[in-house]
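Observations on the model geometry
Here is what each chain is made of, one letter per residue.
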Amino acid sequence: MIERQLQPLLHELAGVVLAPTSALGDATGQIRPTGVQGVFHADARVLSRAELRVDERELEGLTRGDDGPHGARFVGLARWLGDPTPDPTVRVERLRRATRNGLTEELRIVSTATVGVRATVTVDLGCDLAPIEAVKSGGTTTALEAKTGQPGLLTWSAAGITVTVSAPGAEVLASAERATAPRLAWPVDLPPGGETVLNWKLTVEDPRAVVVGPAGDPEWSRPEVTADDRRLVRLLNRSLDDLRGLRLAETGAPTDVFLAAGVPWFLTLFGRDSLWAARMMLPLGTDLAAGTLRVLARRQGTRVDPATGEAPGKILHELRRHEFTVPGNGLRLPPAYYGTVDATMLWVNLLHDAWRWGLPAEQIEPLLPHLEAALGWLGEHADPDGDGLVEYVDTTGHGLSNQGWKDSGDAVRFHDGTLATAPIVLAEVQGYAHEAAMNGAALLDAFGRPGADRWREHAAGLVRRFRDSFWVDGRYGPQPALALDRDKRPVDSLTSNIGHLLGTGLLDRDEEAQVARLLTTDTLAGGFGLRTMATDDAGFSPLSYHCGSIWTHDTAIVLGGLARAGHRTAALGLAEGLLSAAEAFDYRLPELYGGDDRSLLHRPVPYPAACRPQAWAAAGAVLLLQAATGLYPDVPGGTVRLAPLAGPELGGLHVDGLRVGNASVTVTVDHTGEATVTGLPTPLTPTVPTQRRPTTPTHPH
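Because the structure is a prediction, the values reported are computed rather than measured.

**Here's the deal with the overall build of the protein chain**
- A count of helical and extended segments in the protein chain gives 14 helices and 37 strands.
- Scaling as 2.2 N^0.38, a compact globule of 701 residues should have a C-alpha radius of gyration of about 27 Å, and the protein chain matches this with 26 Å.
- Projected onto its principal axes, the C-alpha positions of the protein chain cover 85 × 55 × 55 Å.
- When the 701 residues of the protein chain are sorted by exposure, 60% land in the buried category.

**Quick notes on the packing of helix 4 (residues 287-298) against helix 5 (residues 343-357)**
- Their axes nearest at 10 Å, the elements helix 4 and helix 5 cross at an angle of 145 degrees. You can see that helix 4 and helix 5 cross each other, and the crossing is left-handed. Only Trp347, Leu350, Leu351 and Ala354 of helix 5 make contact with helix 4, whose side of the interface consists of Ala289, Thr292, Leu293, Leu296 and Ala297.
- For the contact of helix 4 with helix 5, the class distribution of residues is eight nonpolar, one polar and no charged.

**What to know about helix 9 (residues 452-469)**
- Along its 18 residues, helix 9 runs 26 Å from first to last C-alpha, staying within 8% of the 26 Å computed at 1.5 Å per residue.
- Residues Ala452, Trp455, Ala459, Gly461, Leu462, Val463 and Phe466 constitute the buried set of helix 9.
- The elements touched by buried residues of helix 9 are helix 7 (368-380), helix 8 (427-446), strand 26 (471-474) and strand 27 (477-480).

**A few points about the pattern of salt bridges**
- In this structure the tally under the stated criterion is 57 salt bridges.
- Here arginine 320 ties to glutamate 318 by a salt bridge, and the two come within 3.0 Å at their closest N and O atoms. Across the pair, glutamate 318 and arginine 320 agree in class, each one buried.
- Arginine 456 is the salt-bridge partner of aspartate 453, the closest N and O atoms lying 2.9 Å from each other.

**Concerning the packing of aromatic side chains**
- Evaluated as defined, the whole model comprises nine aromatic pairs.
- Here the aromatic rings of phenylalanine 266 and phenylalanine 270 are separated by 5.2 Å at their centres, their planes lie at 70 degrees, and the arrangement is edge-to-face.
- On the basis of relative accessible area, phenylalanine 266 is assigned to the buried category, the value being 17%.
- Given a relative accessible area of 6%, phenylalanine 270 falls into the buried group.
- Taking 5.1 Å as the distance between ring centres and 70 degrees as the angle between the ring planes, the aromatic pair formed by tryptophan 405 and tryptophan 551 counts as edge-to-face. Of this pair, tryptophan 405 sits in the loop between helix 7 and strand 25 (425-426) while tryptophan 551 is found in strand 30 (residues 550-551), placing the two residues 146 residues apart along the sequence.
- Accessibility expressed as a relative area gives 3% for tryptophan 405, which makes it buried.
- Ring pairs connect the aromatic residues Trp405, Tyr545, Trp551, Tyr607 and Trp616, which therefore count as one cluster.
- If you follow lysine 136 out to its NZ or CZ, it ends over the ring of tryptophan 265, 5.7 Å from the centre.

**Re the confidence of the model for the protein chain**
- In this model, the protein chain carries a mean pLDDT of 95, and residues with pLDDT of at least 70 account for 98%.
- Note that pLDDT drops below 50 for residues 692-701; the model gives that stretch 21 contacts with residues more than four away or on any other chain.

**Comments concerning unusual backbone geometry**
- Across the junction of alanine 19 and proline 20, the peptide omega takes the value 10 degrees, indicating a cis bond.
- By the element assignment, proline 20 lies in the loop between strand 1 (14-18) and strand 2 (21-25).
- Here the amide bond leading from arginine 612 into proline 613 is cis, since omega sits at 5 degrees, within 30 degrees of zero.
- Here proline 613 shows up in the loop between strand 31 (592-593) and helix 14 (615-629).
- Phi angles above zero are rare outside glycine, and glutamate 56 is one such case at about 65 degrees.
- By the secondary structure assignment, glutamate 56 is in the loop between strand 5 (49-54) and strand 6 (60-66).
- Although it is not a glycine, lysine 488 sits at a positive phi angle of roughly 65 degrees.
- Here lysine 488 lies in the loop between strand 28 (483-484) and strand 29 (490-491).
- The exposure class assigned to lysine 488 is partly exposed, which follows from its relative accessible area of 31%.

**Re the packing of helix 2 (residues 230-245) against helix 13 (residues 568-584)**
- One can describe the packing of helix 2 onto helix 13 by two numbers: an axis separation of 10 Å at closest approach and a directional angle of 65 degrees. Taken together, helix 2 and helix 13 sit at an angle that is classed as roughly perpendicular. As for how helix 2 packs across helix 13, the hand of that crossing is left-handed. Contacts between helix 2 and helix 13 involve Arg231, Leu232 and Leu235 from the first element and Glu576, Leu579, Ser580, Ala582 and Glu583 from the second.
- Residues of the contact of helix 2 with helix 13, tallied by class, amount to four nonpolar, one polar and three charged.

**Considerations on the pairing of strand 35 (residues 663-669)**
- For strand 35, a buried count of five out of seven residues is recorded, marking the element as mostly surrounded by other parts of the structure.
- Here strand 34 (residues 653-660) folds back onto strand 35, and the loop between the two strands holds two residues, one of which, glycine 661, carries a positive phi near 60 degrees.
- Note that strand 35 and strand 36 (residues 675-678) share four bridges and pair antiparallel. What sits directly across from threonine 668, in strand 36, is threonine 676.
- The turn linking strand 35 back onto strand 36 is made up of five residues, and glycine 673 within it adopts a positive phi angle of 95 degrees.

**Here we look at the sheet that holds strand 25**
- One open sheet accounts for three strands, arranged 25-28-29; its pairing is antiparallel. At either end of the open sheet lies a strand with only one pairing partner, and these are strand 25 and strand 29.

**Here's the deal with the environment of glycine 679**
- Relative to the helices and strands, glycine 679 resides in the loop between strand 36 and strand 37 (685-687).
- Among the residues examined, glycine 679 registers a relative accessible area of 42% and is labelled partly exposed.
- Along the sequence, glycine 679 and threonine 21 sit 658 residues apart, while their C-alpha atoms lie 38 Å from each other.
- Those residues in contact with glycine 679 that lie beyond four places of it in its chain are Ala663, Ser664 and Val665.

What counts as what
Residue numbers restart at each chain and count upward from 1, following the sequence in its written direction. pLDDT decides what is reported in this predicted model: residues at 70 or higher carry local features, side-chain atom pairs at 80 or more are listed and counted, and totals for whole chains, interfaces and linings draw on all residues regardless. With hydrogens and water set aside, each side-chain value is computed from the structure's full complement of heavy atoms. Segments assigned H or I by DSSP are reported as helices when at least four residues long, segments assigned E as strands when at least two residues long, and all are numbered from the N terminus. Every radius of gyration here is taken over C-alpha atoms, with the globule rule written as 2.2 Å times N^0.38, N being the number of residues. Under the scheme applied here, a residue whose accessible area is under 20% of the maximum for its type counts as buried, over 50% as exposed, and between as partly exposed, the area being computed with a 1.4 Å probe on protein chains only. Helix axes are fitted to C-alpha atoms over the stretch in contact, other axes to C-alpha atoms as well, and angles between N-to-C directions run from 0 to 180 degrees. By the definition used in this description, the sense in which the near helix is turned from the far one sets the handedness, with an anticlockwise turn below a right angle giving left-handed and a clockwise turn giving right-handed. When checking whether two residues touch, look at their non-hydrogen atoms; a contact exists if any pair is within 4.5 Å. Note on residue classes: Ala, Val, Leu, Ile, Met, Phe, Trp, Tyr, Cys and Pro are nonpolar, Asp, Glu, Lys and Arg are charged, and everything else, Gly too, is polar. What a helix should span is 1.5 Å times the count of its residues minus one. In what follows, salt bridge is the name for a side-chain nitrogen of Lys or Arg lying within 4 Å of a carboxyl oxygen of Asp or Glu. Classification of ring pairs uses Phe, Tyr and Trp, with its six-membered ring standing for Trp, and accepts pairs whose centres are within 6.5 Å; under 30 degrees between planes counts as stacked, over 60 as edge-to-face, and the remaining range as tilted. Should the NZ of a Lys or the CZ of an Arg lie within 6 Å of a ring centre and within 35 degrees of the ring normal, that charge is described as sitting over the ring. A score between 0 and 100, pLDDT records how confident the predictor is in each residue. Throughout this description, any angle smaller than 35 degrees is read as roughly parallel, any larger than 145 degrees as roughly antiparallel, any in the 65 to 115 degree range as roughly perpendicular, and the remainder as oblique. Strands are treated as partners if at least two bridges between them are detected by DSSP.

Put into structure tokens, the structure is as follows:
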């Protein structure tokens, strides 16, 4: 039997992160030379082993917990030491902290014994400098030889990266068989009731890295939230800590901050992920959006290059230091890869939404040429066959075969399970395109630039074409198809993609109401959030990456669209799913988790290779908070709409520190759903819309 090369599992590992550094180890604190355990800097594993022992024995793990936003504390027992009583009298606390350029560990040995304690504490290390794609593919790596010099110092070097470990007071053993498995050793001699602290530090010099950790505090506010549902507060606080650790900047431009996609696979710039995360974070300020827009604008496409997917006006998909190659599946992505169908439109929509939230004109105006270029891509390059719809196809044979957010090779499937053949026309992408055309037109008008009428006409044509091409008769009434295939046949599976159409303007009111009903069927909403595919589609599997699992950001985006459109019951159902999942995952919601029915285990099933933390999953907590407060500002228009999801079902809440324009805003929603807002910049006027009941649509298609 042929041995499979499998992607390592992540779900039981404990991580710390301060981008571009992250570390993953087991629940006891050990970093073992297996799977994806290790310390990573940008896209290289800079330490593959850090195993702590006392007297050549491993500790018995007792517990672990967070220690600040970038640290973790592990508590273990050395029960063979100290008093011979049932109660343990010697414990070891291991405090691990990520830094911008490495890692620190503090080892605190504490004795409550009535006798003295003598022991030897050791840490065995290893370094392979493996690229992240080699680790992700489950391939084997080779440990490098360490060099010694000064007392308490170890170094490894390869591929332009230098890794240094310093350990004051430790004996360094790195000769002969220990050259690739060096050891730090400290003798410990404690008096009765004594304690001691040992330290070691990892630092990385990586001048070729394409990303760096920015200095200073986060670019967003940290609101103070009081809520009847305490889960919302805990989720928000944990998510903001994680987002703090995911801040990155491009090498050479340290002031333009964006969010890395996720730990450990995607700790770099990803157009789609970084844009969505910044869009979700707008209630806390526009600075992150501005940085994200600028860094992507600098790398906006200028030429047609099939090898990279670049085209004039197109926004980047991902950035690496070298070609990203996954052995065994033919995937080879260039360092700057443009194979995304939606990032360009999401860039336009982020610019527009940041403007509505109060991004100053002096920051928007330099981006207007990039806006025009992005719209130019939409009009000239996004529709290769000229049918008026946005589509994609990988022409290289080694890029991403699917280029929407569901980018796995089997993501686009018919109801009977058959894979769709490219070129693919995704439903939600047409929504993004309509929204971008309308938003672009609004910005062009507002800043006195020509061409707005062209984009309003483009948007109107998309509405007609979508209505004619996408609506099919489904099991629960009319539904938008997931996509159109090469032959323009509707891909008739029922998926979460249709939820992204809400609020894009592509659907009329009755169509939105029908989509809201589809999203509340048990087949889609019967798990802890929104399934990516309905359970009665043949391709469904609860642990399929894109065909049945639940993605945190996907659920949050659809929840936000439902809430904003007034579909309160549907939005509340998804909110409860996310909050219940958050409770089960210790309030660090992963990238995705299983789409099993809620009654199976009464808790979500982990997806074993999910990133955690992950930017748009963590930012989903802010989108949930926005939906709860119902705060929808239009600073250029001089209004703020209040339509809170909080109230009788979700409970009341009070939020200090939301940002509208340059003002700190407070929103209070009582148990009846009555909302008040204070602190708005002059001359904004709050409005409370009349709650409308969605009508029953008559399908016109």
